Amino acid sequence: QVQLVESGGGLVQAGGSLRLSCAASGRTFAAMGWFRQAPGKEREFVAAITWSGGTTNYADSVKGRFTISRDNAKNTVYLQMNSLNSEDTAVYYCAARRFPTAQSRADFYDYWGQGTQVTVSS
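Residues numbered from 1 in each chain as written. Predicted model: local features only at pLDDT ≥ 70, side-chain atom pairs only at ≥ 80, totals over all residues. Heavy atoms only, no water.

A. Local environment of the sheet that holds strand β1 (residues 3–7). Across the sheet, four strands lie side by side as β1-β3-β8-β7; this open sheet has antiparallel pairing. The two strands at the open ends of the sheet, each matched to only one other strand, are β1 and β7 (66–71). Pairwise comparison of adjacent strand axes, ignoring direction, gives a mean angle of 15 degrees for this sheet. (Pairing = 2+ DSSP bridges. Helix = DSSP H or I, 4+ residues; strand = E, 2+ residues; numbered from the N terminus. Axes fitted to C-alpha atoms, helices over the stretch in contact; angles between N-to-C directions.)

Encoded structure:
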């Protein structure tokens, strides 16, 4: 059974940092991504990474502030989020795909986690 379990969300003040984790189990994946959805908005791409080679892809809105990384031994992907602001408030979802490209389109991903809430207070 494939599972993606996110953790690390919470409440943080503007300018602060959080690190999200996504532990994958049940099969191996070729690439992982993070997406987010704010209230009343569509789900949007945040970052993605390939398991081998570690090719990364970022949304313009998070470049220079967020870093995606992976630990192959732990089958876990991380999203380090720095300089957070109120526009980063959203439910963050981890996603996985079987093909080795760091895609930004949500419909290219095969599996999804349940999400973790990130709230940035100003």
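B. A look at the packing of aromatic side chains. Under the criterion given, the structure shown has five aromatic pairs. Summarising the aromatic geometry, the rings of phenylalanine 35 and tryptophan 112 are spaced 5.0 Å apart at their centres and angled 55 degrees between planes, so their arrangement reads as tilted. Of this pair, phenylalanine 35 sits in strand β4 (residues 31–37) while tryptophan 112 sits in strand β10 (residues 111–112), and the two are 77 residues apart along the sequence. Given the relative accessible area of 28%, tryptophan 112 is considered partly exposed. (Phe/Tyr/Trp six-rings, centres within 6.5 Å; stacked < 30°, edge-to-face > 60°. Buried < 20%, exposed > 50% of the residue type's maximum accessible area, 1.4 Å probe, protein only.)

C. A look at the pairing of strand β3 (residues 18–25). Examined bridge by bridge, β1 and β3 share five bridges and lie antiparallel to one another. Paired with valine 5 across the bridge in β3 is alanine 23. Here β3 runs beside strand β8 (residues 76–81); their pairing, made up of six bridges, is antiparallel. Bridge pairing in β8 places cysteine 22 opposite valine 77.

D. Summary view of the nonpolar core. Counting residues in hydrophobic clusters, the biggest one holds 35 residues, and the most contacted among them are Met32, Trp34, Leu79, Met81 and Tyr92. Where this core is concerned, the elements lending two or more residues are β3, β4, β5 (44–50), β7, β8, β9 (90–97) and β11 (116–121). Residues contacting methionine 81, with those up to four places away along its chain left out, are Gly16, Ser17, Leu18, Leu20, Arg65, Phe66, Tyr92 and Val118. (Core = buried A, V, L, I, M, F, W, Y, C linked by side-chain atoms within 4.5 Å. Contact = heavy atoms within 4.5 Å.)

E. Spatial organisation of the side chain of arginine 65. Examined against the element boundaries, arginine 65 turns out to sit in the loop between β6 (56–58) and β7. Reaching out from arginine 65, the side chain makes a polar contact with the backbone oxygen of serine 61 at a distance of 3.0 Å. A polar contact is formed between the side chain of arginine 65 and the side chain of aspartate 88, at a distance of 2.8 Å. Apart from the residues within four sequence positions on either side, arginine 65 is in contact with Gln80, Met81, Asn82, Ser83, Leu84, Asn85 and Asp88. (Polar contact = N/O pair within 3.5 Å; in protein donor to acceptor, adjacent residues only side chain to side chain.)

F. Quick look at the pattern of salt bridges. Applying the stated rule across the entire model yields six salt bridges. Linking arginine 36 and glutamate 44 is a salt bridge whose minimum nitrogen-to-oxygen distance equals 2.6 Å. Owing to a relative accessible area of 5%, arginine 36 belongs among the buried residues under this scheme. The exposure class of glutamate 44 is partly exposed, given its relative accessible area of 34%. Note that aspartate 107 and arginine 105 form a salt bridge whose closest N and O atoms lie 2.6 Å from each other. (Salt bridge = Lys/Arg side-chain N within 4 Å of Asp/Glu carboxyl O.)

G. Fine view of the environment of glutamine 3. With respect to the helices, strands and loops of the structure, glutamine 3 is situated in strand β1. With residues up to four places along the chain from it excluded, the contact list for glutamine 3 reads Ala23, Ala24 and Ser25.

H. Geometry of the layout of surface pockets. Counted as a void, the largest pocket has a volume near 210 Å³. Together, 14 residues line the largest pocket, and Arg36, Lys41, Glu44, Glu87 and Asp88 are the ones closest to its centre. Taken together, the residues that form the lining of the largest pocket break down as two nonpolar, five polar and seven charged. (1 Å grid on protein atoms, 1.4 Å probe; cavity = no way out; pocket = protein on both sides within 12 Å on 5 of 7 lines; lining within 4 Å. Points joined across faces, edges and corners; volume = space filled by probe spheres on them. Nonpolar A, V, L, I, M, F, W, Y, C, P; charged D, E, K, R; others polar.)

Keep in mind that these numbers describe shape and distance, not what the molecule does.
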